[in-house]
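# Understanding the architecture of this molecule
These are the residues of each chain, in order.
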Amino acid sequence: MMKKVLMLAAKANMIQQFNHRNIKILQNLGYEVHVATNMVDFGSMSAEENERFKQWMNDNKVVAHQVDFERRMGSLKGNIRSIKQLRQIFKMNDFAFIHVHSPLGSILGRFVAKQFKVPTIYTAHGFHFFKGGPKNGWLVFYPLEWAFSFITDTLITINDEDFALAQKHMHAKNIVKINGIGVDVEKAWCVTDEEKAEARKKIREELNIPNDAFVISSVGELSYRKNHKLVLQALKKLSSQEIKQIYYVVAGTGENRRALSQYAESFNFSDNLKLLGYRSDIHEINFASDVFVFPSFQEGLGIAGLDATVDGTYILGATRRGISDYIVAGVNGEIFNPNDPMQLKSLIASLLKTNISIQKYQFLSKFDKKNVDKKMIDIYKYISS
């Protein structure tokens, strides 16, 4: 009889965006893979992407379970309902182990797994407590993560700061670090200059951006955490001569769309702000950009910025773990305080006068998805041994 394993996250976007390859790895190791998540309130992706995800699971023989996880840390009533649904799934299936993600999903999943004596792997996609982070992260999430680490078999961290903290303070039986979910470094480095030039021309024509304009791009949910407003605040401080040659392109959906548009309008930048919504051609947008700005307050290991620098786009990134992990100052980019628009303004003004050119830096090869997948295979084999 085929062994079963459960992949669990509170929202479907966590599985869709970060775990396709993990599911295929588990299947190749001989497991029947089950997924428990909320596919109704599915998180930060479009409804179309959610439908594609459900179809992908069906096509790849993944057994899907709807669990009505609530947002953030949920309510007492909602969490009790989710626990009951999880218990029913566990009663119907004899899992070899489970792999949990997201704070709420990982806590409720580990709680139920402990009752059924099922081993757990937990991937922390960036602890909610970190250097420079808000105090409530340390007051709320640190005690929870510390307590639940005692019932965690393998804790996976995805950046240097979290790994060091976990080794010092957490009590999982096995603590490891992987370099995020991995990106296709090899493929990115095979793209020719001609192909990049063609993509640059195509995207700029589509967005009605002049070929000689200076294009800044960002990728991410339009939310407070992603901090896109800081870029507009920095641009507002530039001279009128400088700002008229700049376009700011943002790929992502979210509740702050209107607020960002209104702020751009306040300094006559509306025509030069391009809020693109969800895009599937992020690499082409990177090729069309002169610089990528990643101003986020909090990341696990920010894939958007990693993709940009691997694509050969100069990156300005916030001084936060999960972003600074792959930026070498003065080489492939610079880092800045995500609360300081003047510092970012100075960096942008300097780049306007610079002929930006970056290369294929070998230190980025450790983030290649093949290296990450090898580590995940070892982790899955270890917990089942």
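Here is a short report on the structure shown in this document. (Residues numbered from 1 in each chain as written. Predicted model: local features only at pLDDT ≥ 70, side-chain atom pairs only at ≥ 80, totals over all residues. Heavy atoms only, no water.)

### Quick notes on the nonpolar core
Core analysis: the biggest nonpolar cluster contains 94 residues, and Leu 235, Phe 269 and Tyr 326 have the highest contact counts within it. Looking at this core element by element, the count peaks at six residues for strand β9 (residues 246-251). Once residues within four sequence positions are removed from consideration, Phe 269 is found in contact with Leu 232, Leu 235, Ile 243, Ile 246, Tyr 247, Tyr 248 and Ala 264. If you look at the next biggest cluster of nonpolar residues, it comprises 31 residues, including Val 67, Ala 113, Leu 155 and Leu 165. (Core = buried A, V, L, I, M, F, W, Y, C linked by side-chain atoms within 4.5 Å. Buried < 20%, exposed > 50% of the residue type's maximum accessible area, 1.4 Å probe, protein only. Helix = DSSP H or I, 4+ residues; strand = E, 2+ residues; numbered from the N terminus. Contact = heavy atoms within 4.5 Å.)

### A closer look at helix α5 (residues 103-115)
Across its 13 residues, α5 extends 19 Å between first and last C-alpha, which sits within 8% of the 18 Å expected from 1.5 Å per residue. Considering only its buried residues, α5 is in contact with β1 (3-11), α4 (76-92), β4 (95-101), β5 (120-124) and α6 (135-149). The first or second residue beyond α5 is Lys 117, which carries a positive phi of 55°. (Expected span 1.5 Å × (residues − 1).)

### Structural notes on the sheet that holds strand β3 (residues 63-66)
Taking strand neighbours across the sheet as the criterion, the seven strands line up as β3-β2-β1-β4-β5-β6-β7 in an open arrangement whose pairing is parallel. The sheet is open, and its two borders are formed by β3 and β7 (174-177), each paired with just one other strand. Strand-to-strand twist across the sheet, computed as the mean angle between neighbouring axes with direction ignored, equals 20°. Relative to β4, β1 runs parallel, the two being bridged by five bridges. Within β4, the position partnered with Val 5 by the bridge is Phe 97. Docked against the sheet, α5 engages β1, β4 and β5, running at close to 155° with respect to β4. (Pairing = 2+ DSSP bridges. Axes fitted to C-alpha atoms, helices over the stretch in contact; angles between N-to-C directions.)

### A few points about the pattern of salt bridges
Within the structure shown, the criterion is met by 18 salt bridges. Taking the shortest distance from any N to any O, the salt bridge between Lys 201 and Glu 205 comes out at 3.0 Å. A residue pair is termed a helical-turn pair when its members lie 3 or 4 positions apart in one helix, as Lys 201 and Glu 205 do in helix α9 (residues 193-206) at four residues. A network of salt bridges, in which partner residues are shared, links Lys 11, Asp 41 and Arg 71. (Salt bridge = Lys/Arg side-chain N within 4 Å of Asp/Glu carboxyl O.)

### Some remarks on the sheet that holds β9
Spatially, six strands are ordered β10-β9-β8-β11-β12-β13 in an open sheet, and the strand pairing comes out parallel. Every other strand in the sheet has two partners, leaving β10 (273-277) and β13 (333-336) as the edge strands with one partner each. Put simply, the sheet's adjacent strands are angled 20° from each other on average, direction ignored. Pairing of strand β8 (residues 214-219) with β9 involves six bridges; the strand directions are parallel. Paired with Ser 217 across the strands is Val 249, a residue of β9. Where helix α15 (residues 341-352) meets the sheet, it contacts β8, β9, β11 (291-294), β12 (314-318) and β13, and its direction lies at approximately 160° from that of β13.

### Focus: the side chain of Asn 60
Summarising the element assignment, Asn 60 is placed in the loop between α3 (47-59) and β3. A distance of 3.0 Å separates a polar atom in the side chain of Asn 60 from a polar atom in the side chain of Lys 24. Not counting residues within four places of it along the chain, the set of residues in contact with Asn 60 comprises Lys 24 and Gln 27. (Polar contact = N/O pair within 3.5 Å; in protein donor to acceptor, adjacent residues only side chain to side chain.)

### Quick notes on α4
If you check α4, its first and last C-alpha atoms are 25 Å apart, about what 17 residues at 1.5 Å a residue would give, namely 24 Å. Within α4, burial applies to Gly 78, Asn 79, Ser 82, Ile 83, Leu 86, Ile 89 and Phe 90. Across the axial projection of α4, the buried residues extend over an arc of 135°, all falling on one side. Of the residues in α4, the exposed ones pointing more than 90 degrees away from the buried face are Lys 77, Lys 84, Lys 91 and Met 92. Next to the buried residues of α4 lie β1, β2 (31-38), β3, β4 and α5. (Arc of directions from axis to C-beta.)

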